[in-house]
Amino acid sequence: MGNASGREKPKPLIVGGSPSVDPGAFKVTFSMQADHELGTLKESDKPNAFHLPWRDGACTECEIPLDSTHIEYFFTANLSGCSLWYKFNDGNIVIRHEARGDPVVQNQHRIAGFKCVVDSRLNPDDIQLVVDPETHLRTSRFYVVYALLDHDARSIDFRPQHVQQTKNLFSKVESYELLKSSSIVVPFPEL
């Protein structure tokens, strides 16, 4: 162990909102803001990322061509009872955001050849929403997942983050704390 003084605690990577109200995946340009952990997504004709929103009671899906070397990132909506799945198919990676927690539905993903990246329902304490009536602070815990596509190493690195958001309901000021994070590196299939 070392002395942690002087070290800044790691922050989660959070992206602000869906770039569009249309259903489906979006090709977007991602840019990181230097002053805090929030990144921005904008729909783009020259994308470097894909964003996959969620849909209430359903599954959303996107396909990212593995030969698209300009695509460096993947983002999905927050997971608070949802799960994230992937599989490789005909030179693409297919990623699903499943909003239903039904074991039958999840088994259908497995039968179809998908592998689970994260299931936010596994630990009930991970997903919380509490409002303190005295301080008017809303505290919520959820998962945020993004991925880095490394075309040179021919892999995708999924980064699940367990995050706590605290928001003052009067001032609307919010902050994020990274509770835990992991990395799941998956090699691309052989050509």
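Residues numbered from 1 in each chain as written. Predicted model: local features only at pLDDT ≥ 70, side-chain atom pairs only at ≥ 80, totals over all residues. Heavy atoms only, no water.

Chemist: Could you give me a rundown of unusual backbone geometry, with the residues and numbers involved?
Modeler: Positive phi, normally seen in glycine, also occurs at histidine 136, with a value near 60 degrees. One can find histidine 136 in the loop between strand 10 (128-132) and strand 11 (137-150). (Helix = DSSP H or I, 4+ residues; strand = E, 2+ residues; numbered from the N terminus.)

Chemist: Break down the nonpolar core for me, with residues and values.
Modeler: Counting 24 residues, the largest nonpolar core has Ile64, Phe74, Leu84, Ile93, Ile95, Ile156 and Phe158 as its most contacted members. Secondary structure elements with two or more residues in this core: strand 4 (49-52), strand 5 (59-65), strand 7 (83-89), strand 8 (92-98), strand 9 (115-119), strand 11 and strand 12 (155-168). For this core, the leading source of residues is strand 11, giving 4 residues. Of all hydrophobic cores here, the second largest spans 7 residues; its members include Leu13, Val15, Leu41 and Phe75. (Core = buried A, V, L, I, M, F, W, Y, C linked by side-chain atoms within 4.5 Å. Buried < 20%, exposed > 50% of the residue type's maximum accessible area, 1.4 Å probe, protein only.)

Chemist: Tell me about the environment of glutamine 161, and name the residues and values.
Modeler: Tracing the backbone through its elements, the reader meets glutamine 161 in strand 12. Sequence separation between glutamine 161 and serine 182 is 21 residues, and the spatial gap between their C-alpha atoms is 6.6 Å. Excluding its chain neighbours within four sequence positions, the residues that come into contact with glutamine 161 are Pro12, Leu13, Phe142, Tyr143, Val144, Tyr146, Leu178, Lys180 and Ser181. There is a polar contact of 2.8 Å between the side chain of glutamine 161 and the backbone nitrogen of leucine 13. (Contact = heavy atoms within 4.5 Å. Polar contact = N/O pair within 3.5 Å; in protein donor to acceptor, adjacent residues only side chain to side chain.)

Chemist: Describe in detail helix 1 (residues 103-111), supporting the description with residues and values.
Modeler: Every α-helix winds through 3.6 residues per turn, so residues three or four apart in the chain are directed the same way. Taken as a whole, helix 1 has its buried residues at Val105, Gln106 and His109. One side of helix 1 holds all its buried residues, which, seen down the axis, span an arc of 100 degrees. Residues Pro103, Val104 and Ile111 are exposed on helix 1 and point more than 90 degrees away from its buried face. Buried residues along helix 1 sit against strand 5, strand 7, strand 8 and strand 9. Sitting at the head of helix 1, aspartate 102 places a side-chain oxygen 2.7 Å from the backbone nitrogen of valine 104. (Arc of directions from axis to C-beta.)

Chemist: I'd love a proper account of the packing of aromatic side chains, names of residues and values included.
Modeler: Counted by the stated rule, this structure contains 5 aromatic pairs. Centroid distance phenylalanine 75 to tyrosine 146: 6.3 Å. Interplanar angle 25 degrees. Geometry classified as stacked. Of the two residues, phenylalanine 75 is situated in strand 6 (residues 73-76) and tyrosine 146 in strand 11; the sequence distance between them amounts to 71 residues. Here the two residues phenylalanine 75 and tyrosine 146 agree in accessibility, since each one is buried. (Phe/Tyr/Trp six-rings, centres within 6.5 Å; stacked < 30°, edge-to-face > 60°.)

Chemist: Please give an account of the side chain of threonine 60 that cites residues and values.
Modeler: One can find threonine 60 in strand 5. In this structure threonine 60 comes out as buried when scored by relative accessible area, which is 5%. Among the polar contacts made by the side chain of threonine 60, one reaches the main-chain carbonyl oxygen of proline 53 at a distance of 2.6 Å. Setting aside residues no more than four positions away along its own chain, threonine 60 makes contact with Leu52, Pro53, Trp54, Arg55, Ile95, Arg96 and His97.

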